[in-house]
Amino acid sequence: MITNQYLQKVYQETAKRNSAQPEYLQAVMEVLESLECVVERRPELEQWGVMQRLVEPERFFQFRVSWVDDAGHVHVNRGYRCQFNSVLGPYKGGLRFHPSVNASIIKFLGFEQIFKNSLTGLPMGGGKGGADFDPKGKSDAEVMRFCQSFMTELSKHIGEDTDVPAGDIGVGAREIGYMYGQYIRLSNRNTGVLTGKGLSYGGSFVRTEATGYGLCYFTDEMLRAVHNGFEGKRVVISGSGNVALYALQKAQQLGAKVIAMSDSGGFVCDEEGIRFEIMQDLKENRRGRIEEYAHMVRSARFTPNTNGIWQIPCDVALPCATQNELGLEDAKALVSNGVIAVAEGANMPCTPEAVEYFLENQILFGPAKAANAGGVATSGLEMSQNNMRVNWSFEKVDQKLHDIMTDIYQRACQAAEEYGYPGNLVRGSNIAGFQKVADSMLAYGITY
Ligand code: NDP
């Protein structure tokens, strides 16, 4: 509930303007609620209209993407790019290819990205894009033709100093490669206009692993504040895509046992511990279904529903699949089974009711914009390397990622403490991310 009058007005206007965009309004509500204490302490934010400017994207593109399948049939998808806020640097944020993509999802992700990018301490603004295209079940040639058509339009709006997209759900190394190739062909410029590139053509070490690794570095810091980190913990991870896979690997390296993972068809539970190499081969190389894991590993059992994964007793839960995948009933099950910490690898995977329940029950809770910022942070490091035309070693990038995640954790804790909410990382992350953006908007005057 927002009680501050100025913020109430900002929210009501946003809701009126975006009435058909529930995910976007959910994200705005969560941020505005957290920032009430800041707005009350800093009257210049109202005087200079910072909040109403913040909730309106600087630019939003929607475009037709036509492509031809292997049988010669023509398909039309809808592409998007939201250039939300550029006060801290070039717009930065991933591209999502999934049938559920629409303007609301793109705007919620772009809005969150502003604060996340600010938290990394790197000079990056917030943006997001994608299309309602489903790469699942398509041949490589079909995916290539779609990516080329998508980039033909997107290339008019991006640039290494303007807007630098990356991957997200449905956009991995294959899709980035096809899009980057098309960008170079169209522009005749080999610049770092996308991140998440392959190592042979300008990519950075650790970018593939970054979100999952960063999530675990952040969670380890949270756990260390009261326990001995990941060592000996039982961990449940939802999803089995890019974020989930590398969270699995890092959690194991830090001494945890990961006992369950999922995809949109169901989950596998393996009390012996999920085997990273088998899961990686299944998901990255063969693009298989998680059910197949249970055919390959005798100690694993498959259940054909997704939410049941949160009924499994664990110490640490890492939702790494998609938005609103963990609701109040799931949160209750986790708490009654003794969960110690929950950290969001996906964007907004926990519903507001679930988050509130975790906080009320003193569960350590790492919100997405802090806990999964490792991906975009490493994208920022990829941009730096591209600009300098150098390649840093795996160890160097990994160390920088670790330092950034530790720093984010500490700054979120400090901001929460400073505003009277010690230990509340939801508020702390929003406040710490917002302050830098707000200070820059104030410094620029009324530009956007
Ligand atoms: P991927 O496409 O690689 O993986 C998504 C995974 O989630 C797949 O295993 C998918 O299964 C599964 N999934 C989707 N819906 C459900 C569901 N309802 N229940 C269970 N599993 C489900 O995406 P990423 O790993 O890249 O992204 C995951 C999340 O992390 C997203 O919210 C994304 O925005 C966020 N994120 C990603 C970053 C990155 O660097 N990649 C950076 C920061 C955040 P299936 O294959 O069956 O669809």
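Above this text sits the structure in question.
Okay, the pairing of strand E2 (residues 74-85) next. Judged from the ten bridges that link them, strand E1 (residues 59-68) and E2 form a sheet pairing that is antiparallel. Among the inter-strand pairings, Arg64 is bridged to a residue of E2, identified as Arg78. Bridge analysis of E2 against strand E4 (residues 125-131) gives six bridges, and the strand direction is antiparallel. When the sheet's bridge partners are listed, Gly79 is paired in E4 with Ala131.

Close to the ligand lie 24 residues; Asp168, Thr211, Ser264, Arg289 and Asn347 are nearest. Within the contact set of the ligand, an oxygen atom lies 3.0 Å away from a backbone nitrogen or oxygen of Val243. Contact with the protein chains covers 84% of the free accessible surface of the ligand, which is 900 Å². Residue assignment for the shell around the ligand shows that the elements contributing at least two residues are helix H9 (242-253) and strand E7 (257-263).

Looking now at the packing of H9 against helix H10 (residues 276-285). Remark: H9 packs on H10, axes separated minimally by 10 Å, with the N-to-C direction vectors making an angle of 170°. Taken as axis vectors, H9 and H10 run roughly antiparallel relative to one another. Residues Leu245, Tyr246, Leu248, Gln249 and Gln252 of H9 touch H10, and the partners they reach there are Phe276, Met279, Gln280, Lys283 and Glu284. Among the residues forming the contact of H9 with H10, the class breakdown is five nonpolar, three polar and two charged.

Moving on, we get to helix H5 (residues 103-119). Under the 1.5 Å per step criterion, the end-to-end length of H5 is 25 Å for 17 residues, consistent within 8% with the ideal 24 Å. Along its length, H5 shows its largest kink, about 25°, at Gln113. The N-cap residue of H5 is Asn102: its side-chain oxygen and the backbone nitrogen of Ser104 are 3.1 Å apart. Looking one or two residues beyond H5, the residue adopting positive phi is Gly121, at roughly 80°.

Reading guide: rules and limits
Residues numbered from 1 in each chain as written. Predicted model: local features only at pLDDT ≥ 70, side-chain atom pairs only at ≥ 80, totals over all residues. Heavy atoms only, no water. Pairing = 2+ DSSP bridges. Helix = DSSP H or I, 4+ residues; strand = E, 2+ residues; numbered from the N terminus. Near = heavy atom within 4 Å. Polar contact = N/O pair within 3.5 Å; in protein donor to acceptor, adjacent residues only side chain to side chain. Areas by Shrake-Rupley, 256 points an atom, 1.4 Å probe, with all protein chains shown as cover. Axes fitted to C-alpha atoms, helices over the stretch in contact; angles between N-to-C directions. Parallel < 35°, antiparallel > 145°, perpendicular 65-115°, else oblique. Contact = heavy atoms within 4.5 Å. Nonpolar A, V, L, I, M, F, W, Y, C, P; charged D, E, K, R; others polar. Expected span 1.5 Å × (residues − 1). Bend = angle between axes of the 7 residues up to and from the residue.

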